Amino acid sequence: MSEMLADTVTESNVDFELCPKFEKTFSILGKKWNGLIIDVLLEDGPQRFKNLARRIPKCSDRVLVVRLKELEENGIVSRVTHCDSALIEYRLTTKGQDLRQVMDTVHDWSDKWFSPAES
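Counting starts from 1 at the beginning of each chain's written sequence and moves along it residue by residue. Totals for whole chains, interfaces and linings use every residue, but because this is a predicted model, local features are given only for residues with pLDDT of at least 70 and side-chain atom pairs only at 80 or more, for both listing and counting. Calculation of side-chain values draws on the structure's entire complement of heavy atoms; hydrogens and water are dropped beforehand.

- Looking up the chain in an unreviewed UniProt entry gives the name Helix-turn-helix domain-containing protein, with the organism given as Lactiplantibacillus pentosus.

**Brief notes about the overall build of the chain**
Right, on to step 1. Numbering goes from the N terminus for both helices and strands, where a helix is a DSSP run of H or I of at least four residues and a strand is a run of E of at least two. When you go through the chain residue by residue, the secondary structure sums to 7 helices and 2 strands.
Right, on to step 2. Secondary structure elements in the chain, listed N-terminal to C-terminal, are α-α-α-α-α-β-β-α-α.
Right, on to step 3. Categorising residues by exposure relies on relative accessible area from a 1.4 Å probe, with only protein chains included: less than 20% of the type maximum marks a residue as buried, more than 50% marks it as exposed, and the intermediate range marks it as partly exposed. Across the 119 residues of the chain, 25% fall into the buried class.
Right, on to step 4. Put simply, 49% of the contacts in the chain that link residues at least 6 apart link residues at least 24 apart. Contacts between residues were defined by any pair of non-hydrogen atoms, one from each residue, lying within 4.5 Å.

**Observations concerning the nonpolar core**
Right, on to step 1. To define a nonpolar core, start from buried Ala, Val, Leu, Ile, Met, Phe, Trp, Tyr and Cys residues and group those joined through side-chain atoms within 4.5 Å. Core analysis: the largest hydrophobic core is formed by 21 residues, its most contacted members being Ile37, Ile76 and Val77.
Right, on to step 2. At the level of elements, helix 3 (34-44), helix 4 (49-55), helix 5 (61-73) and strand 2 (88-92) are the ones that each hand at least two residues to this core.
Right, on to step 3. Take this core: its biggest share by element is 5 residues, from helix 3.
Right, on to step 4. In this structure, isoleucine 37 is in contact with Ile56, Leu64, Arg67, Leu68 and Leu71, ignoring residues within four places of it in sequence.

**A look at the packing of helix 3 against helix 7 (residues 100-113)**
Right, on to step 1. Each axis is a line fitted through C-alpha atoms, and for a helix only the stretch in contact is used; angles between axes span 0 to 180 degrees, taken between their N-to-C directions. Helix 7 packs onto helix 3 with a crossing angle of 110° between their chain directions and a minimal axis gap of 11 Å. Relative to helix 7, the element helix 3 is oriented roughly perpendicular. In contact with Gly35, Ile38, Asp39, Leu42 and Glu43 of helix 3, helix 7 contributes Arg100, Met103 and His107.
Right, on to step 2. When residues are sorted by character, Ala, Val, Leu, Ile, Met, Phe, Trp, Tyr, Cys and Pro go into the nonpolar class, Asp, Glu, Lys and Arg into the charged class, and all the rest, Gly among them, into the polar class. Class assignment for the residues of the contact of helix 3 with helix 7 results in 3 nonpolar, 2 polar and 3 charged. For classification purposes, an angle smaller than 35 degrees is called roughly parallel, one larger than 145 roughly antiparallel, one from 65 to 115 roughly perpendicular, and anything else oblique.

**Here's the deal with the side chain of glutamate 89**
Right, on to step 1. For glutamate 89, the location among the structural elements is in strand 2.
Right, on to step 2. The exposure class of glutamate 89 is buried, given its relative accessible area of 16%.
Right, on to step 3. Looking at glutamate 89, its side chain comes within polar contact range of the side chain of histidine 82, at 3.1 Å.
Right, on to step 4. Discounting chain neighbours no more than four positions away, the residues touching glutamate 89 are Pro46, Gln47, Arg48, Ser78, Arg79, Val80 and His82. Counted as a polar contact is a pair of N or O atoms within 3.5 Å, where, for protein atoms, one must be capable of donating a hydrogen and the other of accepting one, and residues adjacent in sequence contribute only when both atoms are in side chains.

**Quick look at the packing of helix 3 against helix 5**
Right, on to step 1. Where helix 3 meets helix 5, the axes come as close as 10 Å, and the angle between the chain directions of the two elements is 75°. With respect to helix 5, the element helix 3 is oriented roughly perpendicular. Contacts from Asn34, Ile37 and Ile38 of helix 3 reach helix 5 at Leu64, Arg67, Leu68 and Leu71.

**Regarding the layout of surface pockets**
Right, on to step 1. Put simply, the grid is 1 Å and covers the protein atoms alone, a cavity is a trapped set of points that fit a 1.4 Å probe, a pocket is an open set with protein on both sides within 12 Å along at least five of seven lines, and lining residues have an atom within 4 Å of a point. Grid points are joined across faces, edges and corners, and a volume is the space filled by probe spheres set on the points. Taken as a whole, the largest pocket holds about 700 Å³ of empty space.
Right, on to step 2. Of all elements in the fold, only helix 2 (20-29), helix 3 and helix 7 reach the threshold of two or more residues within the lining of the largest pocket.
Right, on to step 3. Per element, the largest residue contribution to the lining of the largest pocket is 7 residues, and it comes from helix 7.
Right, on to step 4. When grouped by side-chain class, the residues that make up the lining of the largest pocket number 9 nonpolar, 7 polar and 5 charged.

**Here we look at a nonpolar patch on the surface**
Right, on to step 1. A patch is a set of surface residues, each over 30% in relative accessible area and not in a salt bridge, joined within 9 Å for like charges and within 5 Å for the nonpolar side chains Val, Leu, Ile, Met, Phe, Trp and Tyr. Surface accessibility follows the Shrake-Rupley procedure with a 1.4 Å probe radius. Residue values consider only the protein chains on display as shielding. One speaks of a salt bridge when a side-chain nitrogen belonging to Lys or Arg is within 4 Å of a carboxyl oxygen belonging to Asp or Glu. On the surface, Phe16, Leu18, Phe22 and Phe26 cluster together into a nonpolar patch covering about 470 Å² of accessible area.
Right, on to step 2. Counting through the fold element by element, leucine 18 comes out in the loop between helix 1 (2-12) and helix 2.

Structural data, given as structure tokens:
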């Protein structure tokens, strides 16, 4: 019996390491506001900054700028400047568009497990 307990204790002391790709993915998607930014761009297509800010009103402009830059650095969002005007838009790259299924699954999960009162 004590041998069995010793084996269990030994096994539980093994260092657990997440897959680096999984860890990187959740470091991006798990950051506050990133999921909402991606979701707005998936649902509504390319957006000007002021439209994104309007759609995510609890996110300050300063934080929104930082998150958009991070998403751009990670190849999820691109910042497009139109040469014939001062218009700047943010849109999802192909890599960002590939998150549609993930975001749809998150929507399904939240619909199942959270009541409207909890949102």
